[in-house]
2 protein chains.
Amino acid sequence: MGAPDGKCTIAVDAMGSDLGPTEFVRGLIYAIEDLELDCNFTLVGKGRLLERLLEVRRPAVDPARIQVHHASEVVSMQDKPSQALRKKKDSSMARAIELLRDGKADAVVSCGNTGALMAGGILRMRPLDGVDRPALGIIVPSKGKPFVLIDVGANPESTALNLMHNAVMGANYAKAALGCENPRVGLLTIGTEEGKGNSLVNASHGYLQAIKGKVVDYIGPIEGFQLFDGDVDVVVCDGFVGNIVLKSSEAIFEFIGGTMKEELVRNPKRKLGAALAKSAFRDMKTRLSPNQHAGAPLLGLKGNILKSHGSSNYIAIANALRIAAEVVKHDMIDSICTDINQANDLI
Amino acid sequence: MGAPDGKCTIAVDAMGSDLGPTEFVRGLIYAIEDLELDCNFTLVGKGRLLERLLEVRRPAVDPARIQVHHASEVVSMQDKPSQALRKKKDSSMARAIELLRDGKADAVVSCGNTGALMAGGILRMRPLDGVDRPALGIIVPSKGKPFVLIDVGANPESTALNLMHNAVMGANYAKAALGCENPRVGLLTIGTEEGKGNSLVNASHGYLQAIKGKVVDYIGPIEGFQLFDGDVDVVVCDGFVGNIVLKSSEAIFEFIGGTMKEELVRNPKRKLGAALAKSAFRDMKTRLSPNQHAGAPLLGLKGNILKSHGSSNYIAIANALRIAAEVVKHDMIDSICTDINQANDLI
């Protein structure tokens, strides 16, 4: 699918972000002008507001590349995920997903209520044949290259089959978003010797052994302490564990940063040192920031739905749009379909 | 129980540490001289070697306070946990646990093979009445005061009842080791709105509600991003999740430290800044180091068995001994017994 000019179209739920639609429009312009994204965009949300924001920004881009699609309602963070899209039929999120479902967009990007986006996405786009439960994949920085952590919260009650599917979907996401040709896949567990871990992980290990080298390059179980070593491209876990790992990692990052700041202002000598080394802290923050890899796809659906963090700034939003464009360009969903079928046949 | 002088006796498996028995003896002397620990110690391991190490260190302490108990074998990290103590009956770990079982020690501290210590501990000391599965509790630094994370790996396949017991045992550990009078207990989950999380956590939440305010001060579910906020004294989870959180937190700490070092040496200005602020980095490391809170007890057994990290340095070892003395002083096991019975009656 695609627009008449052959470019892909990304539908953007412009209303759900914590920073408001202004940041979303800024991100869009940054994606076009700085990241040179060659896509068309449909901004979904309060029409007049979005038109005005676009005018103010006066982008030096072909106006035909940015459409505005009016939606009168906004899904809030307080809306109950299972009911949000049913109750708010004219919400920007619901309308953006409709554009995807009706073939008027190739991907949706939203910063809104994760639960509502997942529930709505699953209901309206349906899981791919052979996939029981979709999973949320996210790109995480590490010592070497970044890796995909999957699932970070879509499915907190996984089966071994779900985890095998996570491996297949995560590997395809790593190919599309990270450019890995043959992603190395690890299974997150505790203690890598046989019999350790828990029954879910041990059963999943069996499935992954069965598809190893045929569908994915499964390198075996890995432990928490190996997470940031950069040895794997995909880390597979269930949504409960993945969500806790992701959120506690963000928390520890903030905690360390806060402690460092406290220590660096304790006396004038330290303050001077900190001032001289200021650019090092800035560069470190950039390297470890999730902004470069914002945009987590809900994998395993018949459409590309990507979630960006609620507090995403314009750089994060632009990168989420970039990743959306990548997964469309790589026909990721087609590859996932092929691989899922092959994997299901092997076990 | 206790020695004739009324002091408690700690049996020390001096052989299992990565840094060797020298570090253990150094830690012991540090505990006595610097931390002023008023206990007796029985060093278990290669007798002649330990005697020689003690002589070299020539502590200015009453020699009667340090006994050496010979054991000819050492459990290695490669030994299979379930068989280690059965196959190596004269290992320092087996002998130390025997001293505890036979009433000749009030606590055991070991840096050795965790799996072997847990398996041996459970087999020889037996779980407390009313406790199905012991749990490993560990003290973790946070923005405010440190908190107890329980379980970090003893029981990777928990039931809701296990998690309720973890809450009770963790609260008693927080009282003994952190001096919390009324520890605030949180249940680690994803999404704190009702119905989120997984079935294990939701069932555990039910049990914790039933004992809330009667046995423990349960404040409800908490998410990964709240872990280091310092709002809770005890974080309850199953051993699979806890182990991954603990190890990935250590990994991210190292990863951030490594990235910071790389950035700080990129140019002469940064290097100068880093040199001026050097003491800030050192103090930060001390604040976040696990050394102050080494010594994780295997809770729920009829005896105090504490595990210290395999790579513990002398400060960590001394602190593990200090924590062992605290749990003995607080009669922690008696309190756990009382609370477990009360909790089991309430559900």
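No experiment lies behind these values; they were computed from the predicted model shown.

Some words on the overall build of chain A
Next, step 1: Of the regular secondary structure elements, chain A holds twelve helices and eleven strands.
Next, step 2: The C-alpha radius of gyration of chain A comes to 21 Å, within 12% of the 20 Å expected for a compact globule of 347 residues.
Next, step 3: By its C-alpha atoms, chain A is 65 × 60 × 35 Å across when sized along the principal axes.
Next, step 4: Taking all contacts inside chain A whose residues are at least 6 apart in sequence as the whole, residues at least 24 apart take part in 76%.

Considerations on the nonpolar core
Next, step 1: A:Ile10 and B:Ile10 are the most contacted members of the largest nonpolar core, which totals 227 residues.
Next, step 2: Other than its neighbours up to four places away in sequence, A:Ile10 contacts A:Cys39, A:Phe41, A:Ala105, A:Asp106, A:Ala107, A:Val109, A:Leu321, A:Ala324 and A:Ala325.

Structural notes on the sheet that holds strand S1 (residues 9-13) of chain A
Residue and element names in this part refer to chain A.
Next, step 1: Pairing in this open sheet of eleven strands is mixed, and the strands run S3-S2-S1-S4-S11-S10-S5-S6-S9-S7-S8 from one edge to the other. The open sheet has two edge strands, strand S3 (66-70) and strand S8 (217-223), and neither has a second partner. Ignoring which end each strand starts from, the neighbouring axes of this sheet average 25° apart.
Next, step 2: One ladder, built from four bridges, connects S1 with strand S4 (residues 107-110); its direction is parallel. In the sheet register, Val 12 faces S4, and the bridge partner there is Val 109.
Next, step 3: Of the strands in this sheet, strand S7 (184-189) and S8 touch helix H7 (residues 199-211), which is tilted by about 165° from S7.

Considerations on helix H9 (residues 268-276) of chain A
Next, step 1: Among all positions in H9(A), only A:Arg270, A:Gly273 and A:Ala274 are buried. Projected down its long axis, H9(A) carries its buried residues within an arc of 100°, all on one side. Every exposed residue of H9(A) that faces more than 90 degrees away from the buried side is listed here: A:Pro268 and A:Ala275.
Next, step 2: Along its buried surface, H9(A) packs onto helix H8 (239-264) and helix H10 (278-288) of chain A together with helix H9 (268-276) and helix H10 (278-288) of chain B.

Describing the domain arrangement of chain A
Residues and elements named next belong to chain A.
Next, step 1: Examined at the domain level, chain A breaks down into domain 1 (1-131 + 300-331) and domain 2 (133-290).
Next, step 2: Averaged C-alpha coordinates put domain 1 and domain 2 at centres separated by 26 Å.
Next, step 3: Contact residues are listed per partner, giving 13 residues for domain 1 and ten residues for domain 2.
Next, step 4: Contributing elements (two or more residues each) for the side of domain 1 that touches domain 2: helix H5 (114-125) and helix H11 (314-329).
Next, step 5: If you tally residues by element for the side of domain 1 that touches domain 2, the top one is H11, at four residues.
Next, step 6: Its residues assigned to classes, the side of domain 1 that touches domain 2 shows eight nonpolar, three polar and two charged.

Focus on the interface of chain B and chain A
Next, step 1: Contact residues are listed per partner, giving 50 residues for chain B and 50 residues for chain A.
Next, step 2: The set of elements that each furnish at least two residues to the side of chain B that touches chain A consists of helix H8 (239-264), H9 and H10 of chain B.
Next, step 3: In terms of residue count, the dominant contributor to the side of chain B that touches chain A is H8(B) (20 residues).
Next, step 4: Residue classes in the side of chain B that touches chain A are distributed as 26 nonpolar, 13 polar and eleven charged.

Observations regarding the environment of A:Ser142
Next, step 1: Following the sequence through the fold, A:Ser142 ends up in the loop between strand S5 (135-140) and strand S6 (147-150).
Next, step 2: Judged by local crowding, A:Ser142 falls into the buried class, with 21 C-beta atoms found within 10 Å.
Next, step 3: Sequence-distant contacts of A:Ser142, defined by excluding residues within four places in its chain, comprise A:Phe147, A:Phe228, A:Asp229, A:Gly230 and B:Phe255.

Considering the packing of helix H6 (residues 160-178) of chain A against helix H12 (residues 332-346) of chain A
All names here are of chain A.
Next, step 1: Running from N to C, H6 and H12 cross one another at 145°; their axes reach a closest spacing of 10 Å. Crossing of H6 against H12: the hand is right-handed. Mapping the contact onto sequence places Met 164, His 165, Val 168, Met 169, Asn 172, Tyr 173 and Ala 176 in H6 and Met 332, Ser 335, Ile 336, Asp 339, Ile 340 and Ala 343 in H12.
Next, step 2: By residue class, the composition of the contact of H6 with H12 is nine nonpolar, three polar and one charged.

Things to note about the sheet that holds strand S5 (residues 135-140) of chain B
Residues and elements named next belong to chain B.
Next, step 1: Strand order in the open sheet formed by eleven strands is S3-S2-S1-S4-S11-S10-S5-S6-S9-S7-S8, and the pairing between neighbours is mixed. The sheet terminates laterally at strand S3 (66-70) and strand S8 (217-223), the two strands that pair on one side only. Direction aside, neighbouring strands of the sheet carry axes that sit 25° apart on average.
Next, step 2: Alignment of strand S7 (residues 184-189) against S8, held across six bridges, turns out to be parallel. What sits directly across from Thr 189, in S8, is Glu 223.
Next, step 3: Across the sheet, helix H2 (residues 47-57) is in contact with strand S2 (40-45) and S3; its angle to S3 comes to roughly 160°.

A look at the pairing of S4(A)
Residue and element names in this part refer to chain A.
Next, step 1: Side chains of S4 alternate between two faces, with Ala 107 and Val 109 and Val 108 and Ser 110 buried alike.
Next, step 2: Of the strand pairs in this sheet, S4 and strand S11 (residues 304-307) are connected by four bridges, and their pairing is parallel. Note on S11: the bridge partner recorded for Val 108 is Ile 305.

Side note on the relation of the copies chain B and chain A
Next, step 1: Of the two same-sequence chains, chain B is brought onto chain A (RMSD 0.0 Å, axial shift 0.0 Å) by a rotation of 180°. Considering both components of the superposition, the chain copies are consistent with a two-fold axis. Using C-alpha coordinates, one finds that chain B approaches the rotation axis most closely at B:Gly273, a distance of 1.8 Å.
Next, step 2: Of the residues that chain B buries at the interface, 100% are likewise interface residues in chain A, meaning the two copies contact each other through the same surface.

Here we look at unusual backbone geometry
Excluding glycine, residues mostly carry a negative phi; peptide bonds, for their part, are mostly trans.
Next, step 1: The peptide bond linking A:Ile150 to A:Asp151 adopts the cis configuration, its omega dihedral lying at 15°.
Next, step 2: Within the secondary structure layout, A:Asp151 lies in the loop between S6 and H6.
Next, step 3: The phi dihedral of B:Asp331 falls on the positive side, at around 45°, and the residue is not glycine.
Next, step 4: Mapping B:Asp331 onto the fold places it in the loop between helix H11 (314-329) and helix H12 (332-346).

Calculation criteria
Residues numbered from 1 in each chain as written. Chains lettered and ligands numbered in written order. Predicted model: local features only at pLDDT ≥ 70, side-chain atom pairs only at ≥ 80, totals over all residues. Helix = DSSP H or I, 4+ residues; strand = E, 2+ residues; numbered from the N terminus. Rg over C-alpha atoms; globule rule 2.2 N^0.38 Å. Contact = placed C-beta atoms within 7 Å. Core = buried A, V, L, I, M, F, W, Y, C linked by C-beta atoms within 7 Å. Buried ≥ 20, exposed ≤ 12 C-beta atoms within 10 Å, placed from the backbone. Pairing = 2+ DSSP bridges. Axes fitted to C-alpha atoms, helices over the stretch in contact; angles between N-to-C directions. Arc of directions from axis to C-beta. Domains from an automatic or database assignment. Nonpolar A, V, L, I, M, F, W, Y, C, P; charged D, E, K, R; others polar. Left-handed = near helix turned anticlockwise from the far one by under 90°. Least-squares fit on C-alpha atoms with pLDDT ≥ 70 in both.

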